[in-house]
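# Descriptive analysis of the structure
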Amino acid sequence: MSAVLGLCSYTHDSAAALIVDGRLFGFVEEERLSQVKHTKAYPELAVAWLLEAANLRPKDIDAVAYNFSAGHYLRAVPRTPALLLSAETRHRALPRALGFTTVALRTMARRQVLAGKFPRARVRPLVHHRAHQAYAFAASGFDESAVLVVDSLGEIQTTTIAHGRQSKPGHPVLRTLHAVDDPASLGYVYGAVTMHLGWRRGDEEGTVMALAALGDPARFSPLFARAIRLTPGGFVVASELFPPRTLQRGAARVTPRFIAETCPPRRPDEPVEQVHRDLAAALQERTEAVLLHLARKARKLTGSPRLCVGGGVAANCVGIGRIVDEGIFEEVFVPPAPGDSGTAIGAAAAVHASLSPQPLTGIEGACYLGPSWRSLVVSRASRPNLRVERLDADRAEFLADRLAEGKIVGLFQGAVEAGPRALGNRSILASPLSEGVVDRLNATVKFREPFRPFAPVVPEERAAEYFTLGQPAPFMSMASQVTAKTRTRIPAIVHANGTARVQTVRPDQNPLLHSVLNAFARRTGVPVLINTSLNVKGKPICGTPDMALDCLTDSGLDALLLEDWWVTK
């Protein structure tokens, strides 16, 4: 037996994955168990669950793969003299060299820590973008494709284009064809503007993307055309607006010139004004332009009709939707965990492929990979403020009845999803036909900004009636234009920009959710529900029953279907 443990740790979104004899056994983000959103801690709970579930001990692990390579950080240091030549970047040159050197040393030290935890294992660092590439391609199931990774920073790379192919089934081969290095970083710019607008970088970029639909990009379009300039090799970022990063905590991410040409930084408690909407709109417009430019370059370099996209910027569903709409590729795929947490799977997959002749399996299309509580018993005594009953009725029919009545219901079933989207196992479901449902969800259930939209979920076989995407979207990864039927019948799921971040479902992917949608359609004529994550703003998606019960008691949820248990207040 061979066992490879993959880790994303000591950075945001800690996670662990386990590959046993070439098959992905499981994966979970640490936050789903620790209740600390975007935790950077070593994923102790995730690792413990994987080992226990696989009946393994630390000494049974043959290799530990993690998602950064210390040596590649040091490649940024020789570039420091170039920064010294510019008056605008001179004061950041030495802090930048120090920051990258410090991170490299920390990464080396963590390798020794991991060696101590797993005494028989070979500890293998992996270049960050290679981990993203390996996961995105393996999860797609494609025989070959272009692979585009766009994030904030992986060692010194911020953007890579690779070609992936299967030398034979289960044996992926990836070749990087082009790279864009720091300080040219689309993810860095998006995060910097997110902070400037008063939201949390690395967490609330989606809020800025939603806000963009309410603004006029023309006001700041010329600024962003200067800030992120397209080149034959990709793009460059203007240092007079976004200074090169130093990897030091608290360093400024926008310059005084950027502030002078836009607006003062907004505090989180300040109102959102038109200037903020317009700035978000111009940022999103430029992001889409850069993504389209990179997608075209990927098509030209690889010649492939298919594209896989990974990295944090792949979570920009509007940008991914634009790539689909432009028809650059016949099919576009984004894995369920495109951000850093998914690199735990990618690192494990790449290291397994380098060490073993066994084919990789279990990654393609997999998203329900974490812990489950199918034999759960909910004690009425443990939650005296709640009513608990075990359902004898068909769960799908029962739930469809409650949703058709206008109830907002949490759904906790099966294994925890991978990635930032709730895909029917840790979801909040609601009828898009209920009057004021979006306002109610934002104000009393999710406690978030009133302009935030909610995603629809639809059976794959009926998606074309309501959405124009033209391909499956099982992981809620891309925004789609909608049909006239949608605008007329269910406008609640249409955002201000005319799109919806759709999830399509087949019965083999999620039998209960697919059945609920069909049962809801029999009652209402509409096979579409609102699907948002089972959590409130600032909290991670509920990974455990206790977290789900807390979500029920602490929010405006009407009820919770917790496996076979119907829980109400």
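Residues numbered from 1 in each chain as written. Predicted model: local features only at pLDDT ≥ 70, side-chain atom pairs only at ≥ 80, totals over all residues. Heavy atoms only, no water.

Next up on the list: the sheet that holds strand β11 (residues 306-310). One open sheet holds the five strands; their spatial order is β8-β7-β6-β11-β12, and the pairing between them is mixed. The outermost strands of the open sheet, each flanked by one partner alone, are β8 (171-181) and β12 (331-333). Mean inter-strand twist for the sheet, computed between neighbouring axes without regard to direction, equals 20°. Judged from the three bridges that link them, β11 and β12 form a sheet pairing that is parallel. By the bridge assignment for β12, R306 is matched with E331. Each of β6 (144-154), β7 (157-168), β8, β11 and β12 touches helix α6 (residues 128-140); the most contacted strand, β6, lies at about 140° to it. (Pairing = 2+ DSSP bridges. Helix = DSSP H or I, 4+ residues; strand = E, 2+ residues; numbered from the N terminus. Axes fitted to C-alpha atoms, helices over the stretch in contact; angles between N-to-C directions. Contact = heavy atoms within 4.5 Å.)

Going through the model one piece at a time under the given rule, you end up with one cavity of 30 Å³ or more. As for the largest cavity, its lining consists of A314, A315, V334, P335, P336, P338, P420, R421, F475, M476 and S477. Tallied by class, residues from the lining of the largest cavity come to nine nonpolar, one polar and one charged. (1 Å grid on protein atoms, 1.4 Å probe; cavity = no way out; pocket = protein on both sides within 12 Å on 5 of 7 lines; lining within 4 Å. Points joined across faces, edges and corners; volume = space filled by probe spheres on them. Nonpolar A, V, L, I, M, F, W, Y, C, P; charged D, E, K, R; others polar.)

What follows is about unusual backbone geometry. Most peptide bonds are trans, and most residues other than glycine sit at a negative phi. With an omega dihedral of 15°, the bond running from D182 to P183 counts as a cis peptide bond. Residue placement: P183 occurs in the loop between β8 and α7 (186-196). Although it is not a glycine, Y10 adopts a positive phi angle of roughly 65°. You can see Y10 is positioned in the loop between β1 (3-8) and β2 (15-20). Take Y10: its relative accessible area is 27%, and that puts it in the partly exposed class. Phi is positive for M476, close to 55°, though the residue is something other than glycine. Among the structural elements, M476 can be located in the loop between β16 (455-459) and β17 (479-481). (Buried < 20%, exposed > 50% of the residue type's maximum accessible area, 1.4 Å probe, protein only.)

With respect to the secondary-structure elements, F27 resides in strand β3 (residues 23-29). Along the chain, F27 and Y368 lie 341 residues apart, while their C-alpha atoms are 8.6 Å from each other.

It is worth spelling out the sheet that holds strand β5 (residues 122-125) at this point. Here five strands make up an open sheet; going across it, the order is β3-β2-β1-β4-β5 and the pairing mixed. The open sheet has two free edges, formed respectively by β3 and β5, since each of these has just one partner strand. Looking at each pair of strands side by side, their axes are set apart by 15° on average, direction ignored. The pairing of β1 with β2 spans six bridges and is antiparallel. In the sheet register, C8 faces β2, and the bridge partner there is A15. Against the sheet, helix α2 (residues 44-53) engages β1, β2 and β3, with an angle of about 150° to β3.

Attention now moves to the packing of aromatic side chains. Applying the stated criterion across every chain yields a total of eight aromatic pairs. Between F242 and F258, the ring centres sit 5.0 Å apart and the planes meet at 50°, which makes this aromatic pair tilted. A residue pair is termed long-range when its members are at least 10 positions apart, and F242 in the loop between β10 (234-237) and α10 (256-261) and F258 in helix α10 qualify at 16 residues. F258 matches F242 in its accessibility class, with the two residues each being buried. Ring centres 6.1 Å apart and planes at 85° place the aromatic pair F333 and F475 in the edge-to-face group. (Phe/Tyr/Trp six-rings, centres within 6.5 Å; stacked < 30°, edge-to-face > 60°.)

In the structure shown here, the tally under the stated rule is zero disulfides. Of all cysteine sulfurs in the structure, the one in C367 sits closest to C317, which takes part in no disulfide; the separation is 17 Å. Free of any disulfide, C542 has its nearest neighbouring cysteine sulfur in C551, separated by 4.5 Å. The exposure class of C542 is buried, given its relative accessible area of 4%. (Disulfide = S-S within 2.5 Å.)

With 10 of 11 residues buried, α7 lies mostly within the body of the structure. Within α7 the residues assigned to the buried category are L186, G187, Y188, V189, Y190, G191, A192, V193, T194 and H196. For α7, the N-terminal cap is S185; the gap from its side-chain oxygen to the backbone nitrogen of Y188 is 3.0 Å. The first or second residue beyond α7 is G198, which carries a positive phi of 100°. (Polar contact = N/O pair within 3.5 Å; in protein donor to acceptor, adjacent residues only side chain to side chain.)

Let us now look at the pairing of strand β9 (residues 228-231). Where β9 lies against β10, four bridges are found, and the strand directions are antiparallel. Its bridge partner lying in β10, T231 is registered against G234. Two successive antiparallel strands, β9 and β10, enclose a turn made up of two residues.

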